[in-house]
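The chain contents come next:
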Amino acid sequence: MIASTTEIIPATEAELVKLAASTYASILRSSREVIRYKFELGRLVSIHLQWHAFQHDAMARLAQALSNLCGKSILPQRLYEAARFYDMFGGQIERVWALERRLTQPLTYTYIIRGIIPHVSKDKAWNVKEWEYYQEAQLSRLEHAVREIEELGARPPKTADTSGSTVSSFETAKDSVLDQEAEGFLTACRDSRSYQQFSIGVLIDTIVRAVDQLERKADMLTTADRQSLQNIVPRLTKLIGHDPVEVAA
């Protein structure tokens, strides 16, 4: 049980790694249990950060040690998130449950990380790498949201079912309502200049990030990879050559 390790202050880094690995391996599907174990993991990561003056190299070593012991890849950014979670509630998990009671609905760890923990700013990040990870995570979420909206708008309209299958009137009505809501949402996005500029910015940032990552792997590019990139050049050149659109201030 989590209570068996909550008050333990590890004496050495090896002991801390062992406790953190045990905590990570104990995370269950239940939202409350996930929160409990993530909170305990955050406590141990916070101790580790303090031991090593909040240096990222120490976090990377901890992530690798935990990955080796748990048999799965554990990314440093997940450890930073857990530590932020612990820090946000002042090391008192009862504050988490008090918040849950005020919200009158069960909390999930994902909701806490994305909707409650204060945004990490460049000047308040524990180190440069944490700031980079945070920016990466935020942009990835924006990319995912924009991609879903664009894919929703590209779906072909539904055609009548002529297969002879029986569909309940409830299911038909539900699908109709969902289709109307989706169409209304897409219309609002298409008509919103702010959203269109926002989505363009996210898509361009996605391209820039991809190029940055490819540059770091330039020596591994095959002839086929380079040809694929070459095929994109005319399309990018055409986009760049379009007459610019004046954006109202």
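Attention in this report is confined to the structure presented alongside it.

The rules behind these values
- Residues numbered from 1 in each chain as written.
- Predicted model: local features only at pLDDT ≥ 70, side-chain atom pairs only at ≥ 80, totals over all residues.
- Heavy atoms only, no water.
- Helix = DSSP H or I, 4+ residues; strand = E, 2+ residues; numbered from the N terminus.
- Buried < 20%, exposed > 50% of the residue type's maximum accessible area, 1.4 Å probe, protein only.
- Contact = heavy atoms within 4.5 Å.
- Areas by Shrake-Rupley, 256 points an atom, 1.4 Å probe, with all protein chains shown as cover.
- Core = buried A, V, L, I, M, F, W, Y, C linked by side-chain atoms within 4.5 Å.
- Expected span 1.5 Å × (residues − 1).

1. Points about the overall build of the protein chain
Counting secondary structure elements, the protein chain contains eleven helices and zero strands. In the protein chain, the succession of helices and strands from N to C terminus is α-α-α-α-α-α-α-α-α-α-α. Buried residues in the protein chain amount to 29% of all 249 residues. Residue pairs in contact within the protein chain that sit at least 24 positions apart in sequence constitute 66% of those at least 6 positions apart. Counting only carbon and sulfur atoms, one obtains 56% of the accessible surface of the protein chain, whose full area is about 17,000 Å².

2. Section: the nonpolar core
Membership of the largest hydrophobic core comes to 36 residues, with the highest contact counts inside it found for Leu79, Phe85, Phe89, Val96 and Ile112. Those elements that place two or more of their residues in this core are α2 (13-25), α3 (31-51), α4 (56-70), α5 (76-88), α6 (93-103) and α7 (109-116). Here this core gets eight residues from one element, more than from any other, and that element is α3. In this view, Val96 contacts Ile35, Phe39, Phe85, Phe89, Leu107 and Ile112; residues no more than four positions away in its chain are not counted.

3. Concerning α2
Between its terminal C-alpha atoms α2 stretches 18 Å, which fits the 18 Å expected from 13 residues at 1.5 Å a residue. Along α2, the residues that are buried comprise Leu16, Val17, Leu19, Ala20, Ala21, Thr23 and Tyr24.

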